[in-house]
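# Structural overview
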Amino acid sequence: MGDRFRVRRAYEEPRPEDGLRVLVDRLWPRGLAKEKAEVDRWPKEITPSTGLRKWYHEAPAERHDEFAGRYRAELDADEAAEPLRELREAAAKGTVTLVTAVKNVDTSHVPILLEHLEEDAG
């Protein structure tokens, strides 16, 4: 399952091997034309809520652990269940690329989402 999900920055050129391209940011990437992004889905229900995102960006270094816990709780909420299930089903059939505009993917919400998708896939 792990190789079925990939992560790419929104500003990188889309590639045929990306498969299904899913934007996983709540806000559309600044300055990026929708046609150029080639995003197939944009499930905002699985992105960090506006309040959580703003709170985290005030002090990311100090708040990362708490942010991760709060975001996991949002991913466990009912409204995220269907979009998460759809992505897992798509990944069972082919590659799903999580597209993000964040500068530092490693300290963003993306690894948490990826972990959630992969651990609950079985």
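Coordinates for the structure precede this section.
The structure displayed is predicted, hence computed values, not measured ones.

### What about the nonpolar core?
One finds Phe-5, Ile-46, Leu-87, Val-96, Leu-98 and Leu-113 to be the most contacted residues of the largest nonpolar core, which totals 26 residues. If you list the elements that add at least two residues to this core, you get β2 (20-23), α2 (50-58), α3 (60-75), α4 (78-93), β3 (96-100) and α5 (110-119). Discounting chain neighbours no more than four positions away, the residues touching Phe-5 are Leu-87, Arg-88, Ala-91, Val-96, Leu-98, Leu-114, Leu-117 and Glu-118.

### Digging into the pairing of β3
Most of β3 is tucked away: five of the five residues are buried. Across the two faces of β3 the burial is the same, with Val-96, Leu-98 and Thr-100 and Thr-97 and Val-99 all buried. Relative to β3, strand β1 (residues 5-9) is paired through five bridges, and the arrangement is parallel. When the bridges of β3 are listed, Arg-6 appears paired with Thr-97. Examined bridge by bridge, β2 and β3 share four bridges and lie parallel to one another. Bridge pairing in β3 links Arg-21 to Thr-97.

### A word on a negative patch on the surface
Where like charges cluster on the molecular surface, the negative patch consists of Glu-45, Asp-78, Glu-79 and Glu-86. Mapped onto the fold, Asp-78 is located in helix α4. Residue Asp-78 is classed as exposed on the basis of its relative accessible area, which comes to 71%.

### Digging into the environment of Arg-72
Within the secondary structure layout, Arg-72 lies in helix α3. We classify Arg-72 as partly exposed; its relative accessible area is 32%. The sequence separation of Arg-72 and Glu-115 amounts to 43 residues, and the corresponding C-alpha distance is 9.8 Å. Excluding residues that lie within four positions of it along the chain, Arg-72 makes contacts with Ile-112, Glu-115 and His-116.

### Points about the packing of α2 against α3
The relative placement of two packed helices is expressed as an angle between their axes plus a distance between the axes. Interaxial distance between α2 and α3 falls to 8 Å at its minimum, and their mutual angle equals 165 degrees. With respect to α3, the element α2 is oriented roughly antiparallel. Relative to α3, the crossing made by α2 is left-handed. Contacts from Leu-52, Trp-55, Tyr-56, His-57 and Glu-58 in α2 reach Pro-60, Arg-63, His-64, Glu-66, Phe-67, Arg-70, Tyr-71 and Glu-74 in α3. For the contact of α2 with α3, the class distribution of residues is six nonpolar, two polar and five charged.

Parameters and conventions
Residues numbered from 1 in each chain as written. Predicted model: local features only at pLDDT ≥ 70, side-chain atom pairs only at ≥ 80, totals over all residues. Heavy atoms only, no water. Core = buried A, V, L, I, M, F, W, Y, C linked by side-chain atoms within 4.5 Å. Buried < 20%, exposed > 50% of the residue type's maximum accessible area, 1.4 Å probe, protein only. Helix = DSSP H or I, 4+ residues; strand = E, 2+ residues; numbered from the N terminus. Contact = heavy atoms within 4.5 Å. Pairing = 2+ DSSP bridges. Patch = residues over 30% accessible without salt bridge, like charges linked within 9 Å, V, L, I, M, F, W, Y side chains within 5 Å. Areas by Shrake-Rupley, 256 points an atom, 1.4 Å probe, with all protein chains shown as cover. Salt bridge = Lys/Arg side-chain N within 4 Å of Asp/Glu carboxyl O. Lys, Arg positive; Asp, Glu negative; His and termini not counted. Charge placed at Lys NZ, Arg CZ, Asp CG, Glu CD. Axes fitted to C-alpha atoms, helices over the stretch in contact; angles between N-to-C directions. Parallel < 35°, antiparallel > 145°, perpendicular 65-115°, else oblique. Left-handed = near helix turned anticlockwise from the far one by under 90°. Nonpolar A, V, L, I, M, F, W, Y, C, P; charged D, E, K, R; others polar.

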